[in-house]
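# Overview (structure and organization)
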Amino acid sequence: MGEKVADFLLRRLREWDVEHVFGYAGDGINGLLAAWGRAADDPMFVQARHEEMAAFEAVGYAKYSGRLGVCVATSGPGAIHLLNGLYDAKLDHVPVVAVIGQTNRSAMGGSYQQEVDLANLFKDVASDFLETVTVPEQLPNVLDRAIRTAYGRRTVTAVIVPADVQELEYEAPSHAFKMVPSSLGLGRSAPVPAREDLERAAAVLNAGERVAVLVGQGAAGARAEVEQAAEVLSAGVAKALLGKDVLSDELPYVTGAIGLLGTRPSYELMQGCDTLLTIGSSFPYAQFLPEFGQARAVQIEIDPHMAGMRYPYEVNLIGDAATALRELLPLLEPKKHGKWRKNLERDVARWWEVMDRRAATEADPVNPEYVAAALSPLLPDDVMLAADSGSAANWYARHLRLRPGMRGSLSGTLATMGPGVPYLIGAKFAHPERPAIALVGDGAMQMNGMAELITAARYWRRWSDPRLIVGVLNNQDLNQVTWEMRSMSGAPQFEPSQHLPDVPYAEFARSIGLHGIRVDEPGGVESAWRQALAADRPCLLEFVTDPAVPPIPPHATWEQAQATAEALLRGDSDRTNVVKRGIKQKVQEFLPDLKGLNRG
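This report concerns the structure included in the present document.

Here is what the cut-offs are and how they apply
Residues numbered from 1 in each chain as written. Predicted model: local features only at pLDDT ≥ 70, side-chain atom pairs only at ≥ 80, totals over all residues. Heavy atoms only, no water. Helix = DSSP H or I, 4+ residues; strand = E, 2+ residues; numbered from the N terminus. Rg over C-alpha atoms; globule rule 2.2 N^0.38 Å. Buried < 20%, exposed > 50% of the residue type's maximum accessible area, 1.4 Å probe, protein only. Contact = heavy atoms within 4.5 Å. Lys, Arg positive; Asp, Glu negative; His and termini not counted. Charge placed at Lys NZ, Arg CZ, Asp CG, Glu CD. Phe/Tyr/Trp six-rings, centres within 6.5 Å; stacked < 30°, edge-to-face > 60°. Lys NZ or Arg CZ within 6 Å of the ring centre and 35° of its normal. Core = buried A, V, L, I, M, F, W, Y, C linked by side-chain atoms within 4.5 Å. Axes fitted to C-alpha atoms, helices over the stretch in contact; angles between N-to-C directions. Parallel < 35°, antiparallel > 145°, perpendicular 65-115°, else oblique. Left-handed = near helix turned anticlockwise from the far one by under 90°. Nonpolar A, V, L, I, M, F, W, Y, C, P; charged D, E, K, R; others polar. Pairing = 2+ DSSP bridges. Salt bridge = Lys/Arg side-chain N within 4 Å of Asp/Glu carboxyl O. Polar contact = N/O pair within 3.5 Å; in protein donor to acceptor, adjacent residues only side chain to side chain.

## Some details on the overall build of the chain
Of regular secondary structure, the chain possesses 23 helices and 18 strands. Taking 25 Å as the expected radius of gyration for a compact globule of 600 residues, we find that the chain reaches 25 Å, a close match to that expectation. The C-alpha extent of the chain, read off along each of the three principal axes, is 80 × 60 × 45 Å. For the chain, the residues scored as buried account for 59% of the 600 residues in total. Here the contacts in the chain between residues at least 6 apart in sequence split such that 75% fall between residues at least 24 apart. For the chain, the distance from the average position of its 59 positive side-chain charges to the average position of its 74 negative side-chain charges is 4 Å.

Rendered as structure tokens:
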């Protein structure tokens, strides 16, 4: 028997050094599944519980490894399920290739079972490259271009292979008219800004007296250069959430996260600066950046398509962050660490004191801030961290102090619920020797995290370090939206949409062979984290947390926060015990610290 199209597709993936493909079976990819059997499961087929989770796992694999993530799904519903995870990859600029089955060519256009117009369905999420393979000779070029485009543009691409094409005998493209031969390999490059642009940027930065730096994930490979620039410019550095692991939070001038989930020092940094240097970030919330006209600004961005947005930058340097900074640094004039730098370092130290006090505040039964704060000093040096969307992301952003070598991510731009657990699974296949920890809300856990624990239970013995730890914040509330309703609409809680059923998460984990620990009092929090970090298998920690702890945004004034507290008791809730327990009082407990952080 000769080599079939499906066999060649897997061989080509191996030649591109693809080691894992995340997916779920279906008859639209039966040819591929049979080829996997003939290939002795190389690359390894990782079976998720749902195609959306397969896509998230491919995203996690790509985020934590820097390598290509690959996912596969059948036609119709399988392809549809991939979309949310693929949009997460596209919006966070992560290289992922989706291989998708389709009904036989002879049935297309006949309203056949599971026939979906995949070209139209995927034309947005895979807008940089999307192609259907209709003859064997087409496959090498299509697959190679999909991989090169995903890597080169840090985006999602898709290859559609009809079921009958998968079963055809493979024939290579010939040296003939209208044949498109292809080749393997992707050369590396580090784009360098033009000298003239570098000189213009240096002139802007040298003229500034109060410099602020904003870093995103595009600065991940430029840690040393960013630190050197911050020292030369006597600047403070704020971090977009996707850039949380770019610089250590132990550096005194790092103000932490920026934005709705950010810190007060980052907000003050942007309000007080006269010069802004943005490196590898497309942070979207302009209201957290300096007022227009307040600061002169320079941006370093590798993608011209993403340059010049969010703020009226005076100079846009198009290039790799590390390379651009190395060219820029000799042109910068060192500034003395004067009042600007000393004040921001004082504000950072004070912020961490406030965070410690907030985490120590009593709650009923456990303060979710304490859950994150207790974990922070216990983090292994090589940990891979994830946070799901929701209030868990607040505590990840504000309480976890990352050190050099640690990795962390979340759904930054799409801000979708559900990627926390599958991110970790993808990360563990990328780095089986490293521990992985996620903070996940009970909403995200119920949505799909519990099912994906089954995937972890299936594969954890393959990982040299078996530690995959999921910390679930069980407050029986879709807490982030609840607080948004309170602060924006003056409504205490809309019970039918916000209340979640209580689920025995730790018990479920134990039922599938994992460790599970339930913590319903503060004294058990630290010991639970220690037990999980010493465990010989994945572990779920169920923290019963207080939904009344407010994620007050860093830009809120004391008066705004007090007004929010007053609004909480307008209207009523079916769970009157939650409100009567003192949500208003809980907000007011934090007001003295907030008032102290508001200057003037």
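## With respect to the packing of aromatic side chains
Tallied over the entire structure, the rule returns 13 aromatic pairs. When the centroid spacing of 5.7 Å and the interplanar angle of 70 degrees are considered together, the rings of Phe 283 and Tyr 285 count as edge-to-face. Each residue in the set Phe 22, Tyr 61, Phe 429, Tyr 459 and Trp 463 is aromatic and connected to the rest through ring pairs, giving one cluster. When the ring centre of Tyr 396 is taken as origin, the NZ or CZ atom of Lys 244, which lies over that ring, is 5.6 Å away.

## Some details on the nonpolar core
Leu 86, Val 96, Ile 100, Phe 122, Phe 429 and Met 445 are the most contacted members of the largest nonpolar core, which has 61 residues in total. For this core, the leading source of residues is helix 3 (residues 51-65), giving nine residues. Ala 222, Leu 277, Val 298 and Tyr 311 belong to the second-largest nonpolar core, a separate cluster that totals 53 residues.

## A few points about the packing of helix 3 against helix 15 (residues 420-430)
The N-to-C vectors of helix 3 and helix 15 enclose an angle of 50 degrees; their axes lie 7 Å apart at closest approach. The angle between helix 3 and helix 15 falls in the class oblique. As helix 3 packs across helix 15, the resulting crossing turns out to be right-handed. Facing Met 53, Phe 56, Glu 57, Val 59, Gly 60, Tyr 61, Lys 63, Tyr 64 and Ser 65 of helix 3, the residues of helix 15 in contact are Pro 422, Tyr 423, Ile 425, Gly 426, Ala 427, Phe 429 and Ala 430. Tallied by class, residues from the contact of helix 3 with helix 15 come to eleven nonpolar, three polar and two charged.

## What about the sheet that holds strand 10 (residues 275-279)?
With respect to topology, six strands assemble into an open sheet ordered 9-8-7-10-11-12, the strand pairing being parallel. Strand pairing shows two members of the sheet lacking a second neighbour, strand 9 (254-257) and strand 12 (315-318), which therefore form its edges. Taking each pair of neighbouring strands and ignoring which way they run, the sheet shows an average axis angle of 15 degrees. For strand 11 (residues 296-301) and strand 12, the ladder comprises four bridges, and the chain directions are parallel. Note that in strand 12 the partner of Ile 300 across the bridge is Leu 317. Lying on the sheet, helix 11 (residues 321-328) is in contact with strand 10, strand 11 and strand 12; it crosses strand 11 at an angle near 130 degrees.

## Some words on the side chain of Arg 434
Counting through the fold element by element, Arg 434 comes out in the loop between helix 15 and strand 15 (436-441). One buried charged residue, Arg 434, forms no salt bridge at all, with the nearest opposite charge on Asp 382 at 4.8 Å. At 2.7 Å, the side chain of Arg 434 forms a polar contact with the backbone oxygen of Asp 382. A polar side-chain atom of Arg 434 sits 2.9 Å from the main-chain carbonyl oxygen of Gly 405. Among residues more than four places away in sequence, those in contact with Arg 434 are Asp 382, Val 383, Met 384, Gly 405, Met 406, Arg 407, Lys 428, Asp 465 and Arg 467.

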